[in-house]
Amino acid sequence: MAYVAVKGGEAAIDNAHAWLAEERRGDPSVAEIEVAQIETQLGRAIDRAMGEGSLYDRKLAALAIKQAQGDGIEAAFLLRAYRTTLPRFNHALPIDTETMAARRRVSAVFKDLPGGQLLGPTYDYTHRLLDFSLATTGADSREVASETVAASQKMPRVHDILGHEGLIEPDHRTGAEPGDLTREPLSFPAGRDIRLQALARGDEGFLLAMGYSTQRGYGGTHPFAGEIRQGTVAVEIVPEELGFALDIGDIEITECQMVNQFAGSKTTPPQFTRGYGLVFGTSDRRAMSMALVDRAMRAAELGEDTNAPAQDIEFVLYHSDNIEATGFVEHLKLPHYVDFQSELESIRRIREASATTE
Amino acid sequence: MSALDGYNFAYLDEQTKRMIRRALLKAVAIPGHQIPFGSREMPLPYGWGTGGIQVTAAIIGPADTLKVIDQGADDTTNAVSIRRFFASLAGVATTTRTAEATIIQTRHRIPERALTVDQIIVYQVPQPEPLSKLQPSRAETRRMHALSEYGLMHVKLYEDVARFGEIAISYDYPVMVNHRHLMSPSPIPAFDNPKLHRMAALQLFGAGREKRIYAIPPHTDVKSLDFEDHPFRASRAPHPCGICGSNSSYLDEVVTDNEGGRLFVCSDTDYCSENSK
C-alpha cells in the first residue's frame, strides 16, 4: 500500500522529488557538472536529445541532459514539452545541403568525386580500446587538423551525378507546404513529408532496428550509401514585412542519401531509387537508419511487396516515437487496481461456474 | 518569480485551446465518434492522462471547481499530481467532494454519486479505438466505424460466451452510443457502464497519445453490447464496504495479511466518507 496509501499521495510525491534532486546532484564532494561542459563535451548526447526532442538548441539540450541525469529519452521529453509552448512566428526556407560547410563527406559508391571524400571527426576507424589517458583531466593538448570545406565551395550531390544519366529517380519537388505531425494528428495514407518528419524525431534504437531488419531480409532494399555529409548549413526565413530571405543562424546536420536498386515496372525503366535521412548534429547511424526506413516505406508507392514491418507505414509511424512509447509502456506502473479487481471478480466467477458444471 | 510564470492560464495557449474546443464541439455533435485532434506534448508523460488534461485545460475557467480522481480516489499519486498541475497553472479551486465539483477529471472510474447537468466529467483514455485488439490498423477501423461494421466485436463476444459461458470483458466494456457508434468507455469497470446511459452530465473523453477526442452529450442512450440470452450485467465484489458498509458501491480488495485476509472498501473515497457520516 506504500505508494497509494490513503492521504499519503501528496507527501510521497514531495519526498520523491526531494530524493531525486539529491540523487541528481550526487556526491557533494565531487564538483557539480556544468551545463557548458555537457554542451561542449557531450555533443553526441546533445545531438540525439535535440533530434528526438525536435528542438535545435544545444544549451537547452545540455540543461535537459543534466536535469535528466543523462537519460536520453527523458531529456528529449523535457525538450518536447518545452518546444510545444513556443510560439511559431515563421517557417524556414528549405535548407540547401549542397552549400553545406562540410566537415565530413563520404560516398561508398564512387572512389572519388567532385568535392572529394572528407573523413571528418569520425569514430569509424578508431580502435575501440578504452583510452585510460582520458581518465585524468587536463593533459589534453592534441593538435587538431580541421579541414572544413568552405560554404562557398559547392559540393555536388551524388544523386545529381547519377541523375545526369537518368540512372536515378529525380527529386520529387511538389512545392506543397509540408505537413506537421506536431500540429495535425496522423492520418493514413501518410505522405512522405510526414513520414520523414516522424523518422527525423523517431527513436534512434527503433530506427536502427527497423533499418537493420531490412538488411536481414525483412523488406530488403539493396542499399548503397550514396553519400553521407555532415556539417553546418544556414537557416533562412523570409519575414513577411521584408520580403527577402534573412539568415537566422547555422545548424549542424548529417544528411544521408541512400541509393537503392529498383527493378523497374511496366511504366518505369529500371533505375536507382533513393532513401533519405536528415538529422540534427552528428550521427551517421541515425541518418543512415532513417534513409533505410524511408526507402522501405516507399515499397507500396514503387509497386513492391509490402509484408515486412519496416514497409508498414502505420506500424513504423505509430511506434517510432519514444516519448509516446515510453509513456504508454511506463504507465502500466500507475494504479490499475479497479480494472484488476473487475478481472478478479470475473475469473473467480468463471472458475466457480466451471467447477459446478464438472 | 515562480517557476511557472510565463505560462498561459491552464498551460495551453489560446489557439491550442480553440483547436481542442472545435474538436470537442464536433465530438458532441456526433456522439461516440472519435475526432482526431492536434494533441500537444504535455509536461506529463503520455499514459498519465495527457488527453484528459488537454480537454480539462481547454474547458476550465477561473470560476470552476476541479476534482481529479484515479481509481475512484482523490489521493492516488497521479490524481494528486494532476490536481496540483491545475491548481498551480490555472489557480482554480479544487475539491475532493463530487457534489462541489463543476469539472471532474477521472481515470478508470465514474463517481458513485449521480452527476448533474451542471457538471462535466472528463475521462482519461489510453486507447480510444474499441476495435484495436481485433484490428490493429487505424485506417481499417476508421472504415469499419464509417460503415457501422461491428460484426467483428459481436463475434468476439460470442466466442467469449462459447468458451467461458459469459462475456468475459470486465473493464473497458464496449458500448454503443446513440445507436450508431461503437465506443470505448475508457478502462472503467463494467460495473460503471450503466452510469454512462442517459447521464445528466456532459461526458468528454481525451486520448492524448492516440490524438483522439470523443464525447457523450447529456441524456444520450448508451448501451453495453450483449445478447438477448446473455444480457449485460454489472458485477462487484459480493461484500459490504469494510468502512461505510455500502452494499452498492464498487469495491477495492485490500490484502491485509499473508493468510489470505482481505478487506473490501469503496473505491470512491468521497462516496465512502459521505456514507460514513
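Because the structure is a prediction, the values reported are computed rather than measured.

1. Examining the overall build of chain A
Then comes step 1: What chain A contains, in helices and strands, is 12 helices and 4 strands.
Then comes step 2: With the principal axes as the frame, chain A shows a C-alpha extent of 80 × 65 × 55 Å.
Then comes step 3: The buried share of chain A, reckoned over its 358 residues, is 39%.
Then comes step 4: Nonlocal contacts in chain A, meaning residues at least 24 apart in sequence, comprise 65% of its contacts between residues at least 6 apart.
Then comes step 5: Accessible area for chain A stands at about 20,700 Å²; split by element, carbon and sulfur atoms hold 57% of it.
Then comes step 6: The centroid of the 36 positive side-chain charges in chain A is displaced by 3 Å from the centroid of its 54 negative side-chain charges.

2. Things to note about the sheet that holds strand β1 (residues 101–106) of chain A
Residues and elements named next belong to chain A.
Then comes step 1: Strand order in the open sheet formed by 4 strands is β1-β2-β3-β4, and the pairing between neighbours is antiparallel. Each edge of the open sheet is held by one strand with a lone partner, namely β1 and β4 (273–280). The mean angle between the axes of side-by-side strands here comes to 20 degrees, regardless of whether they run parallel or antiparallel.
Then comes step 2: Packing against the sheet, helix α9 (residues 284–296) makes contact with β1, β2 (223–237), β3 (246–260) and β4, and its axis sits at approximately 145 degrees to β4.

3. Observations concerning the layout of surface pockets
Then comes step 1: In this structure, the second largest pocket encloses a volume near 2,000 Å³.
Then comes step 2: For the second largest pocket, the lining is made up of 41 residues, of which His17 and Glu74 of chain A together with Pro43, Leu44 and Pro45 of chain B are closest to its centre.
Then comes step 3: Partitioning the lining of the second largest pocket into residue classes produces 26 nonpolar, 9 polar and 6 charged.

4. Points about the interface of chain A and chain B
Then comes step 1: Across the boundary between the two partners, chain A contributes 44 residues, which contact 57 residues of chain B.
Then comes step 2: Summed over both partners, the interface of chain A with chain B comes to about 4,300 Å²; 55% of that surface belongs to carbon and sulfur atoms.
Then comes step 3: The interface formed by chain A and chain B includes 8 salt bridges.
Then comes step 4: Among the ionic pairs, Arg83 of chain B bridges to Glu10 of chain A, the shortest N-O distance being 3.9 Å.
Then comes step 5: At the boundary of chain A and chain B, one finds 21 residue pairs in polar contact (both at pLDDT 80 or more).
Then comes step 6: Listing elements by their share of the side of chain A that touches chain B, those giving two or more residues are α1 (9–25), α5 (72–83), α10 (313–319), α11 (322–330) and α12 (337–357) of chain A.
Then comes step 7: The greatest single-element share of the side of chain A that touches chain B, amounting to 12 residues, is contributed by α12 of chain A.

5. Some thoughts on unusual backbone geometry
For residues that are not glycine, phi is negative in most cases, and the peptide bond is trans in most cases.
Then comes step 1: Of the consecutive residues Phe188 of chain A and Pro189 of chain A, the connecting peptide bond is found in the cis state with omega at 5 degrees.
Then comes step 2: Its location among the elements puts Pro189 of chain A in the loop between α6 (158–163) and α7 (192–200).
Then comes step 3: The phi dihedral of Ser186 of chain B falls on the positive side, at around 75 degrees, and the residue is not glycine.
Then comes step 4: Counting through the fold element by element, Ser186 of chain B comes out in the loop between β7 (181–183) and α6 (193–196).
Then comes step 5: A relative accessible area of 1% places Ser186 of chain B in the buried class.
Then comes step 6: Backbone geometry at Arg198 of chain B places phi at a positive 50 degrees, although glycine is not the residue there.

6. Points about α1 of chain A
Then comes step 1: Between its first and last C-alpha, α1 of chain A extends 25 Å over 17 residues, near the 24 Å set by a 1.5 Å rise per residue.
Then comes step 2: Trailing α1 of chain A by a residue or two, Gly26 of chain A shows a phi angle of about 70 degrees, which is positive.

7. Notes on the pattern of salt bridges
Then comes step 1: Tallied over the full model, the rule gives 51 salt bridges over all chains.
Then comes step 2: Two residues, Arg201 of chain A and Asp321 of chain A, come together in a salt bridge whose shortest N-O distance is 3.7 Å. Of this pair, Arg201 of chain A sits in the loop between α7 and α8 (204–215) while Asp321 of chain A sits in the loop between α10 and α11, placing them 120 residues apart in sequence.
Then comes step 3: A residue is classified by how much of its surface remains accessible, and Arg201 of chain A, at 5% relative accessible area, is buried.
Then comes step 4: Under the relative-accessibility criterion, Asp321 of chain A is labelled buried at 8%.
Then comes step 5: As a salt-bridge pair, Arg97 of chain B and Glu100 of chain B come within 3.4 Å of each other at their nearest N and O atoms.

8. Quick word on the packing of aromatic side chains
Then comes step 1: Counted by the stated rule, this structure contains 9 aromatic pairs over all chains.
Then comes step 2: Cation over ring: Arg209 of chain B sits above Phe328 of chain A, and NZ or CZ is 3.6 Å from the ring centre.

The rules behind the values
Residues numbered from 1 in each chain as written. Chains lettered and ligands numbered in written order. Predicted model: local features only at pLDDT ≥ 70, side-chain atom pairs only at ≥ 80, totals over all residues. Heavy atoms only, no water. Helix = DSSP H or I, 4+ residues; strand = E, 2+ residues; numbered from the N terminus. Buried < 20%, exposed > 50% of the residue type's maximum accessible area, 1.4 Å probe, protein only. Contact = heavy atoms within 4.5 Å. Areas by Shrake-Rupley, 256 points an atom, 1.4 Å probe, with all protein chains shown as cover. Lys, Arg positive; Asp, Glu negative; His and termini not counted. Charge placed at Lys NZ, Arg CZ, Asp CG, Glu CD. Pairing = 2+ DSSP bridges. Axes fitted to C-alpha atoms, helices over the stretch in contact; angles between N-to-C directions. 1 Å grid on protein atoms, 1.4 Å probe; cavity = no way out; pocket = protein on both sides within 12 Å on 5 of 7 lines; lining within 4 Å. Points joined across faces, edges and corners; volume = space filled by probe spheres on them. Nonpolar A, V, L, I, M, F, W, Y, C, P; charged D, E, K, R; others polar. Buried area = accessible area lost by both parts, 1.4 Å probe. Salt bridge = Lys/Arg side-chain N within 4 Å of Asp/Glu carboxyl O. Polar contact = N/O pair within 3.5 Å; in protein donor to acceptor, adjacent residues only side chain to side chain. Expected span 1.5 Å × (residues − 1). Phe/Tyr/Trp six-rings, centres within 6.5 Å; stacked < 30°, edge-to-face > 60°. Lys NZ or Arg CZ within 6 Å of the ring centre and 35° of its normal.

The analysis is restricted to geometry; functional conclusions fall outside its scope.
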